[in-house]
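Next come the chains, spelled out residue by residue.
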Amino acid sequence: MGGLEAALRTAGQGHLWDHLLTLDGEVRTAFQVQLEAVDFARVQRIFQASMAMTEDSEEGVEPIDGVQTIQDTTEEQRGEWRALGLAAIAGGRVAGLLLAGGQGTRLGSPAPKGCYDIGLPSRKSLFQLHAERLLRLQQLAQREESAPRPCIPWYIMTSPATDVETRAFFQAHAWFGLDAEQVFFFQQGELPALTPSGEAILAAPGRLALSPDGNGGVYAALRRSGALADMAARGVAALDVWPVDNALAAPLDPAWVGACLAARADLGCRVLQKATPGERVGVLARRGGRLAVLEYSELSEARAAARNPATGALRYAWSNACLHFFSLAWLARATDALEAAPRFHVARKAVPCLGGGTRPGVKLELFIFDTFGLAEGVRLVEVGRAAQFAPVKNGPGAGSDCPETAREAVLALHAGWVRRAGGRVGCGEGVEVSPLLSYAGEGLEDVCGGQDFTRPWDARLQLVGGDKGA
């Protein structure tokens, strides 16, 4: 047997070799290339380990403690953390990691979600908002640390469905002012959909049924793409992680980065107070004494609503916003641990298959928080929902977590900045402040003091000449 045939038959996928032999020409060549790109021995390990897992229960689940709340954080403490974070950013020791593999399908767009325009007056895409916040942060680090211009390494996880278009979008927009060399694109992985007995399913003649391996695929993808090696070569010691669909994400927030560095944390999570007991969000907890994120479906109604009798606060109060800090050393250890003991979530679904129709199948996926129980040093810090969380999950008109609510959140936050800087906002919608002008409300006094702002878009809150429609 040849190498490919032997690999397939050893992994229990001999039917794929048999199918290959029925094909001709370009279809056969393309299918062989697809088969050679899949590590079926790894797929077999993941399948066997994951199918042997028992479903998680509420046994051994307890609320988390040790959250650094906004109320308990002093301005002096925040200032110390901010200085520590800016020094690390200026020294090139912290990089950004954007999770951007999703398409805008739910938003009514076939493009990558990061290309989406939530309707801000400037018409900026989500990608542009994130990029310009990094640019402003570089300016702040240079100015406040009296250092040469820093260049924040930015790693962007795409997917096979979004990679080409994402790269083209950045190139067409001249990298939004960033240096092309500081942006490193890499693709999230895919895994074959399998039958309940572990055979890969064919979607069509000469084509596997593939699906994304979940945002937890970031660990293997960072190593496979060479991104981990690139970080080490650049001297990066830590990563700040955020999702592309959070319009208010504050990437590499210096105070947040400094809080994690001061604690020498392996892992950090920015957390939000749950809005209601029944809010459909994942919550942070401890399972068997280790940090875990519980999906809302994993908590009974009674447990989700349970309150501390002494304070009246929800016992499971802290929701996961997918805003994380990883030390590079821990990231490498977690990636090794996942490869040694791959335990993915099993989703049983009807999978479209060869010949039309569907068949019962298994899709395997990993969540980014599935590794959190491996961390020893953990830093949990509360952030304000109105300041750092405006998700764009649902389509226009949905009423929550949608483009309209994200736009409202951005304009309302920026209106608060202008008022604190001495300006008067006469527009009920709020105003938009360019990230190039202010990262978190700083530096607006000269622009806003004693001034009136009566429209959502005002050139004074942009760069000289404006950046509307950029």
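Residues numbered from 1 in each chain as written. Predicted model: local features only at pLDDT ≥ 70, side-chain atom pairs only at ≥ 80, totals over all residues. Heavy atoms only, no water.

(A) Just the overall build of the protein, in detail. In terms of regular secondary structure, the protein is built from 15 helices and 19 strands. For a compact globule of 470 residues, the expected C-alpha radius of gyration is about 23 Å, and the protein comes in at 24 Å, within 12% of that figure. Each principal axis of the C-alpha atoms in the protein carries an extent, and together these give about 80 × 55 × 45 Å. For the protein, the residues scored as buried account for 53% of the 470 residues in total. Nonlocal contacts in the protein, meaning residues at least 24 apart in sequence, comprise 74% of its contacts between residues at least 6 apart. Of the accessible surface of the protein, which amounts to about 20,200 Å², a share of 51% is contributed by carbon and sulfur atoms. (Helix = DSSP H or I, 4+ residues; strand = E, 2+ residues; numbered from the N terminus. Rg over C-alpha atoms; globule rule 2.2 N^0.38 Å. Buried < 20%, exposed > 50% of the residue type's maximum accessible area, 1.4 Å probe, protein only. Contact = heavy atoms within 4.5 Å. Areas by Shrake-Rupley, 256 points an atom, 1.4 Å probe, with all protein chains shown as cover.)

(B) Expanded view of the nonpolar core. One finds Phe 326 and Phe 372 to be the most contacted residues of the largest nonpolar core, which totals 63 residues. In terms of residue count, helix H12 (residues 328-340) provides more of this core than any other element does, five residues in total. Judged by nonpolar contacts, the second largest core, of 47 residues, contains Leu 140, Ala 141, Ile 152 and Ile 156. (Core = buried A, V, L, I, M, F, W, Y, C linked by side-chain atoms within 4.5 Å.)

(C) Region of the structure containing helix H6 (residues 126-145). Under the 1.5 Å per step criterion, the end-to-end length of H6 is 29 Å for 20 residues, consistent within 8% with the ideal 28 Å. Counting buried residues along H6, 15 of its 20 residues qualify, which places the element largely inside the surrounding structure. (Expected span 1.5 Å × (residues − 1).)

(D) Seen up close, the pairing of strand S5 (residues 183-187). Where burial is concerned, most of S5 is hidden: four out of the five residues are buried. The pairing of strand S4 (residues 154-158) with S5 spans five bridges and is parallel. Each bridged residue has a counterpart across the sheet, and for Trp 154 the counterpart in S5 is Val 183. For the crossover from S4 across helix H7 (residues 163-172) to S5, the handedness is right-handed. (Pairing = 2+ DSSP bridges. Right-handed = clockwise from strand over helix to strand, strands pointing away.)

(E) Seen up close, unusual backbone geometry. The phi dihedral of Ala 174 is positive, around 50°, even though this residue is not glycine. Here Ala 174 is to be found in the loop between H7 and S5.

(F) Examining the packing of helix H9 (residues 227-234) against H12 more closely. Viewed as axis vectors pointing N to C, H9 and H12 meet at an angle of 155°, and their least axial separation amounts to 11 Å. As the angle between them shows, H9 and H12 are arranged roughly antiparallel. Between H9 and H12 the crossing geometry is left-handed. Taken together, the residues of H12 that come into contact with H9 (itself represented by Leu 228, Met 231 and Ala 232) are Leu 328, Leu 331 and Thr 335. Residue composition of the contact of H9 with H12, grouped by class: five nonpolar, one polar and no charged. (Axes fitted to C-alpha atoms, helices over the stretch in contact; angles between N-to-C directions. Parallel < 35°, antiparallel > 145°, perpendicular 65-115°, else oblique. Left-handed = near helix turned anticlockwise from the far one by under 90°. Nonpolar A, V, L, I, M, F, W, Y, C, P; charged D, E, K, R; others polar.)

(G) Region of the structure containing empty space enclosed by the protein. Scanning all chains against the criterion turns up one cavity of 30 Å³ or more. In this model, the largest cavity occupies a volume close to 60 Å³. Lining the largest cavity, in full, are Arg 42, Asp 213, Gly 216, Gly 217, Tyr 219, Ala 220, Thr 335, Leu 338, Glu 339, Phe 344 and Leu 366. At the level of elements, helix H8 (218-224) and H12 are the ones that each hand at least two residues to the lining of the largest cavity. Per-element accounting of the lining of the largest cavity gives the leading share, three residues, to H12. (1 Å grid on protein atoms, 1.4 Å probe; cavity = no way out; pocket = protein on both sides within 12 Å on 5 of 7 lines; lining within 4 Å. Points joined across faces, edges and corners; volume = space filled by probe spheres on them.)

(H) Structural context of the side chain of Glu 132. The residue Glu 132 is located in helix H6 in this model. Here the side chain of Glu 132 touches Lys 124 through a polar contact of 2.6 Å, side chain to side chain. (Polar contact = N/O pair within 3.5 Å; in protein donor to acceptor, adjacent residues only side chain to side chain.)

(I) Structural detail: the packing of aromatic side chains. Tallied over the entire structure, the rule returns 15 aromatic pairs. Summarising the aromatic geometry, the rings of Phe 169 and Phe 176 are spaced 6.0 Å apart at their centres and angled 50° between planes, so their arrangement reads as tilted. Judged on exposure class, the residue Phe 169 and its partner Phe 176 are both buried. Ring geometry for Phe 367 against Phe 369: centres 5.3 Å apart, planes inclined by 40°, an arrangement best described as tilted. You can call Phe 367 partly exposed: its relative accessible area is 23%. Using a relative accessible area of 12% as the deciding quantity, one classes Phe 369 as buried. (Phe/Tyr/Trp six-rings, centres within 6.5 Å; stacked < 30°, edge-to-face > 60°.)

(J) View of the packing of helix H5 (residues 75-90) against helix H10 (residues 254-262). Packing of H5 against H10 brings their axes to within 6 Å, and their N-to-C directions diverge by 90°. With respect to each other, H5 and H10 are oriented roughly perpendicular. Of the residues in H10, those in contact with Arg 78, Trp 81, Arg 82, Leu 84, Gly 85, Leu 86, Ala 88 and Ile 89 of H5 are Pro 254, Ala 255, Val 257, Gly 258, Ala 259, Leu 261 and Ala 262.

(K) Structural context of the state of the cysteines. Here the structure, examined in full by the defined rule, presents zero disulfides. Among the cysteines around Cys 322, which has no disulfide bond, Cys 269 carries the closest sulfur, lying 9.3 Å off. (Disulfide = S-S within 2.5 Å.)

(L) Spotlight on helix H3 (residues 25-36). Between the first and last C-alpha of H3 there are 17 Å, a value that for 12 residues agrees with the 16 Å anticipated at 1.5 Å per step. Among the residues of H3, those classed as buried are Phe 31, Gln 34 and Leu 35. In a view along the axis of H3, the buried residues occupy a sector of 95°, so they form one face of it. Exposed side of H3, more than 90 degrees from the buried face: Glu 26 and Val 33 are the residues found there. Of the surrounding secondary structure, the elements contacted by the buried residues of H3 are helix H1 (3-10), helix H2 (14-20), helix H4 (40-51), strand S7 (202-204), strand S8 (207-208) and strand S9 (210-212). (Arc of directions from axis to C-beta.)

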